[in-house]
Amino acid sequence: MSITASTKYVSTRGGDQDRSFTDVLMSGMAPDGGLYIPDVWPSVDHGLMSRLHGLSYPDLAMQIIKPFIGNDIPNDVLLRILEETYSGDNFTHTAMAPLTQVGPNAWIMELFHGPTLSFKDYALQLLGRLFDYVLEQKGERITIVGATSGDTGSAAIEACRNCKNIDIFILHPQGRTSEVQRRQMTTVEAPNVFNVAINGTFDDCQNIVKAMFADEKLRKDIKLSAVNSINWARIMAQMVYYFSAALSLGAPDRPVSFTVPTGNFGNVFAGWSARRMGLPIHKLGIATNRNDILTRFFESGEMKMEGVMPSLSPSMDIQISSNFERYLCELLGCNHKALGGYMGEFKASQSFKLDAEKMAKANSEFVAKRCSDLETMDMIKTCYGETGILIDPHTAVAMHGAMDIMAQDPTVPMVVLACAHPAKFPQAIKQAIGKEPPEDPRLAAIMSKAEHYTPIANDVAKVVSFVKNSPNI
Ligand SMILES: *Cc1c(COP(=O)(O)O)cnc(C)c1O
């Protein structure tokens with residue numbers, strides 16, 4: 001089988017092109033401030049797609065991912081990396097992304113079987129291994145520094161803990177993450193993982209990281225790098241489970257709809273990308289919580305920044321959706337100049353507006369829904385009452401939107417992406433159904449393990465000195 005290959009990438013802003021997969025993997029963001037997208041999309045026609053039925057998850061991943069990597073990584077190496085990533089040692093369900101039926105024509109896709117019990121593992125577990133392979137080839141070693149308010153820190157640490165060529169430092173605000181979130185990071189036993197508890201807020205942590213990246217000499221000296229949410233390879237890895245679910249439910253002969261709980265627009269853009277390759281996705285639902293910049297945009301045509309409010313689904317509490325730039329570029333027919341204009345306007349005035357023609361196209365590709373905290377709790381309770389299945393608050397936001405979409409199209413199968421395990425959000429579950437979810441054995445195990453972290457004052461120089469004096473640097 002051969003999906004037509006595209007191995008080159010361009011920046012959404014047009015200032016960088018002809019980049020290989022490896023360049024894009026290692027740099028994350030383009031030097032002109034844009035995000036990388038493929039210059040040509042590989043396509044899977046009906047015949048090819050029919051032959052994807054029945055493949056194991058790593059074999060399916062190989063078929064989908066290979067055309068995006070081209071010759072940068074030899075086939076046998078890539079397959080070994082995929083088999084290692086999507087193995088029973090790493091994910092606790094052998095199907096990797098199993099579907100559970102929750103209604104006559106509705107399923108949830110469980111994306112919480114990875115080491116940190118969130119869907120981010122599906123991309124980051126692969127990213128860590130790809131990084132390590134490329135660094136090994138180049139004979140280089142890098143230092144990753146990041147700040148976290150909770151979930152991304154643990155997913156990044158789990159992704160890097162076994163990497164020979166990476167040291168990772170994650171800053172968290174001392175006493176301001178949940179105990180489970182902290183322990184998911186601090187109980188990791190690995191000589192290249194360093195947790196730092198900053199005596200300050202999440203913003204303080206982020207400012208320290210920003211200051212370190214702004215220091216060019218330091219950046220060079222310690223080969224500073226980031227695990228950011230806009231790395232193309234994350235989108236690429238996430239496409240695979242859309243194929244896996246749709247193939248199980250009848251693709252390519254039958255279309256399937258998806259609803260995705262959305263923050264940075266990464267996961268739902270992976271769904272759009274799968275459709276762009278030829279997967280017959282009928283409706284693609286964007287589900288937001290009260291932080292509804294995307295839903296307001298699809299309703300009004302105006303992308304307008306507002307403050308962030310806390311919600312029961314904290315991983316979606318965002319002010320802007322960084323990955324939206326990738327879709328906007330495609331919507332504008334890759335007119336990089338026009339894209340740059342909109343992004344400039346957004347930076348200057350926190351808003352931009354699209355004309356009716358573009359909005360008609362956007363609204364033909366996505367359906368956007370919002371969900372309040374009250375509706376989130378109602379959804380958790382209803383789902384539990386009717387099916388006995390517990391869903392986490394992010395999944396509930398998506399299921400709420402999916403119900404609306406299904407009312408219009410009851411005959412098309414709907415897949416709701418379950419992006420986190422309910423045991424990660426015991427308080428929200430308790431508020432909704434009056435009792436906490438059953439303990440997950442993996443989370444229970446970390447509650448008794450020793451923690452490793454270093455408390456440091458809210459002071460860039462002290463953090464820099466800690467990093468420079470660490471054993472591997
Ligand atoms: C990160 C995250 C999201 C948001 O995903 P995006 O790709 O940023 O849209 C939704 N739910 C959970 C549980 C998450 O961890």
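Everything below is about the structure shown above.
Residues numbered from 1 in each chain as written. Predicted model: local features only at pLDDT ≥ 70, side-chain atom pairs only at ≥ 80, totals over all residues. Heavy atoms only, no water.

### Here we look at the sheet that holds strand β7 (residues 193-198)
Applicable threshold: Here, any two strands with at least 2 DSSP bridges between them count as paired. Helix numbers and strand numbers start at the N terminus; a helix is a DSSP run of H or I with at least 4 residues, a strand a run of E with at least 2. Note on contacts: a residue pair qualifies if any of its non-hydrogen atoms lie within 4.5 Å across the two residues. Every angle, taken between N-to-C directions, lies between 0 and 180 degrees, and every axis is a line fitted to C-alpha atoms, over only the stretch in contact when it is a helix.
Pairing is parallel in the open sheet, where 5 strands are placed in the order β8-β5-β6-β7-β15. Bordering the open sheet on either side are β8 (224-225) and β15 (454-456), each of which pairs with just one other strand. Pairing between strand β6 (residues 166-173) and β7: 6 bridges, direction parallel. Residue pairing in the sheet places L171 in a bridge with V196 of β7. Relative to β6, helix α7 (residues 179-186) is tilted by about 160 degrees, and along the sheet it contacts β6 and β7. Across the face of the sheet, helix α8 (residues 202-214) comes into contact with β5 (142-147), β6, β7 and β8 while running at roughly 150 degrees to β5.

### Observations regarding the packing of aromatic side chains
One pair of aromatic rings is described through two measures. These are the centre distance and the angle between the planes. Note the cut-off: Ring geometry is summarised as follows: Phe, Tyr and Trp rings, the Trp one being its six-membered ring, pair when their centres sit within 6.5 Å, and such pairs are stacked at plane angles under 30 degrees, edge-to-face over 60 and tilted between the two. Burial classes follow relative accessibility: with a 1.4 Å probe on protein chains only, a residue under 20% of its type's maximum area counts as buried, one over 50% as exposed, and anything between as partly exposed.
Tallied over the entire structure, the rule returns 27 aromatic pairs. Both rings, one in F91 and one in Y122, keep their centres 4.6 Å apart while their planes meet at 50 degrees; by these two values the pair is tilted. Remark: Y122 occurs in helix α5 (residues 120-138) and F91 occurs in the loop between α4 (75-85) and β3 (99-103); sequence separation between them is 31 residues. Under the relative-accessibility criterion, F91 is labelled buried at 0%. Seen from their ring centres, F297 and F298 are 5.1 Å apart, and the 80 degrees between their planes marks the pair as edge-to-face. What makes F297 buried here is its relative accessible area of 0%.

### What about the environment of G47?
With respect to the element layout, G47 can be found in helix α2 (residues 46-50). By relative accessible area, G47 is classed as partly exposed at 35%. Sequence separation between G47 and P252 is 205 residues, and the spatial gap between their C-alpha atoms is 8.7 Å.

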